Number of protein chains: 2
Amino acid sequence: MVKVAKVRLFVESSLSSGATLDLDSAAAHYAGTVMRLGIGDSLVLFNGRDGEWQATVTKMGHRSCAIIVQDMLRPQATDADIWIVAAPIKRARMTALAEKATELGATHIQPVVTRRTVVSRTNVDRLLSSAKEAAEQCGRLSVPGVGEPVTLNRFLGSLDLSRRLLWCDESGDSPPIAKVLDGLNGSDLQGPWAVLIGPEGGFDLAERTFIASHEGVLGVDLGPRLLRSETAATVALGILQSRMAVP
Amino acid sequence: MVKVAKVRLFVESSLSSGATLDLDSAAAHYAGTVMRLGIGDSLVLFNGRDGEWQATVTKMGHRSCAIIVQDMLRPQATDADIWIVAAPIKRARMTALAEKATELGATHIQPVVTRRTVVSRTNVDRLLSSAKEAAEQCGRLSVPGVGEPVTLNRFLGSLDLSRRLLWCDESGDSPPIAKVLDGLNGSDLQGPWAVLIGPEGGFDLAERTFIASHEGVLGVDLGPRLLRSETAATVALGILQSRMAVP
C-alpha cells in the first residue's frame, strides 16, 4: 500500500521542483509537534497557483521547519467561480459556513450586512483561517477569499451583471431550486454565480424588493423547512455544484 | 403586523383543542426563564402525531409551566421516509450531523460502526436532544428517531430491500449524484431511502465489496473534494430532497 502523506498544507511561497522554503511558525508547530513529522518525512503543499506538490522535511526545529519541494502531484485547476454571500451569524456557525463553503468549492466568501443582521462583528481573519484549514483537509488546490463585510445595498449595487445571483429565498414565494436550475442551459449554468443567503430573521420587505429587482436574479426555494444560514449555504452550494457537474 | 409566537416546542402529550398540559422542567425553564414567557403568552406546540397547535401559558412557576392548547395551525403531514446512516464522528460534528439531518427532513438517524470508525461512543440521548431542538427551530412537525449504533454488516443485513440504499461513495468510482437521481423515475425517486455516509478514513475494501453487493444499492459521487461526514450528509440529503420535490 502506498504511504500517503498525512500532512497537507497551504503555503504562500511559490512551488516548483527543487524549491526550498521555511514553514511559518504556526505551520511548523503543526507539522512538528502536532503531526510529529521529522527530517525525511513527506508532506503535500499547495498555494492556489502552482498546483499540488509532494515535499520533504529537511530541517525541523522548535517552531521552524525547512522543506524541499519535489514532484508535482496535480496541476492547478480553475475552480468554478461561485461566491457565497451571507449575512454574518454567530461565531461558531459563521466558522462552519466558511468551512462548508470551502469544502463545496466556493471561491469567495462575502459577508453582507442586512437590516435584520444582529451580529455586529465579523472576524475576517478567523474565517480565512477556517477556510484555509478546510481547503487543506478537503483536497482543494485553492483557498477562497473572504471579503470585508459590506451592506447588502452596496454589494448588490456593485455586483457585475455577468455574475448570476442565486437568491435563497426563504419566503416560499420562489420556485424550487431544482426546477430553476433544470431550466438553465449549459452555459448559463456554469456561472459565474453569487449565492445569496439571508440573515436569521430573513430579509425585510424593502430588501426583498431590492433583491428581486436585481437584473437576472434567480430566486429559489430550498424546501419547506426553515434552514439555518450555514445549512442553507451548504445545501445551495451542493445542489448548484451537483447540477453544474451534470448539466 | 401579526405577533408571531417565538417559542415552538416539541412535547410528548396529545394535542387537541382545549387540552391542558404541563411542560417538563427543562421546557418550563426555557419558556419562563430563557424566553421570558408569562401567563397569557402564546407558544406553538407539536408532538409528531397531532399537527401543530397554538397554545397559551396559564400558569408559570419555578421550572413549571401549565398550558392550554387552542387552535390547530397545521395538520400533521407525512414526512418522506429518508434515513441517514453514518459512522460516528467526533462529538461536535456528530451533533451538527443530527441537526442538519433534522433540518433536511431525515426521519431516522442511524449510527453504524465500520472498521475505520475511531469514535468509540455515541451518545444517543444527546443526538435526540439535538434533533428535537433542530425540529423546534426549523418548523418540522416531527423529530427524527435516533438508533443505537449497530455494525455496518448487521445494518445492511437487516435492511429491508424495499428501502433504497444511496451510498455516498468517496472513492471517485461512482457516477455523480445528479446523474444517478436524474435516471430514476418518479416512484423510484420517492424512496423509502437510506443515505449511507462513510467514516473519516472511508470504508475499507471488504466493506466496499459488501456495500456494492447490496441489492439495488446506488453508489453516488458527491464531487471532487473530500467532504467531512456532516457536510456529506447535508449535501446528499439536500440534493435528494430537491430532486424529490421536482421529480
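Cut-off values and rules
- Residues numbered from 1 in each chain as written.
- Chains lettered and ligands numbered in written order.
- Predicted model: local features only at pLDDT ≥ 70, side-chain atom pairs only at ≥ 80, totals over all residues.
- Domains from an automatic or database assignment.
- Contact = placed C-beta atoms within 7 Å.
- Helix = DSSP H or I, 4+ residues; strand = E, 2+ residues; numbered from the N terminus.
- Nonpolar A, V, L, I, M, F, W, Y, C, P; charged D, E, K, R; others polar.
- Pairing = 2+ DSSP bridges.
- Axes fitted to C-alpha atoms, helices over the stretch in contact; angles between N-to-C directions.

Chemist: Please clarify how the domain arrangement of chain A should be interpreted in this entry.
Modeler: Put simply, an interface is often sized by how much accessible area is lost when its parts join up. Residue and element names in this part refer to chain A. On domain assignment, one finds that chain A holds domain 1 (8-74) and domain 2 (82-245). The C-alpha centroid of domain 2 is placed 33 Å from the C-alpha centroid of domain 1. Of the residues lining the interface, eight residues belong to domain 1; the matching set on domain 2 comes to six residues. If one sorts the elements of the side of domain 1 that touches domain 2 by residue count, strand β1 (residues 8-10) sits on top with three residues. Across the side of domain 1 that touches domain 2, the residue classes tally to three nonpolar, two polar and three charged.

Chemist: Mind showing me how you'd approach the sheet that holds strand β1 (residues 8-10) of chain B here?
Modeler: Strand pairing in a sheet relies on backbone hydrogen bonds, with the paired strands running either antiparallel or parallel. All names here are of chain B. Read across the sheet, five strands follow the order β1-β3-β4-β5-β2 without closing on themselves; strand pairing throughout is mixed. One side of each edge strand has no neighbouring strand; the edge strands of this open sheet are β1 and β2 (20-22). This sheet shows a mean twist of 40° between the axes of neighbouring strands, independent of strand direction. Strand direction decides the pairing type here: strand β4 (residues 52-61) and strand β5 (residues 64-74), joined by eight bridges, are antiparallel. Paired with W53 across the two strands is M72, which belongs to β5. Sitting on the sheet, helix α1 (residues 25-34) is in contact with β1, β3 (42-46), β4 and β5, with an inclination near 85° to β5.

Chemist: Explanation requested: unusual backbone geometry in the structure shown.
Modeler: Trans is the prevailing form of peptide bonds, just as negative phi is the prevailing case for residues other than glycine. A cis amide bond links G191(A) with the next residue in sequence, P192(A), at an omega value of 5°. Note that P192(A) resides in the loop between α6 (186-189) and β11 (193-197). Positioned with a positive phi, R36(B) is a non-glycine residue whose angle comes to about 55°. Within the element layout of this structure, R36(B) appears in the loop between α1 and β3.

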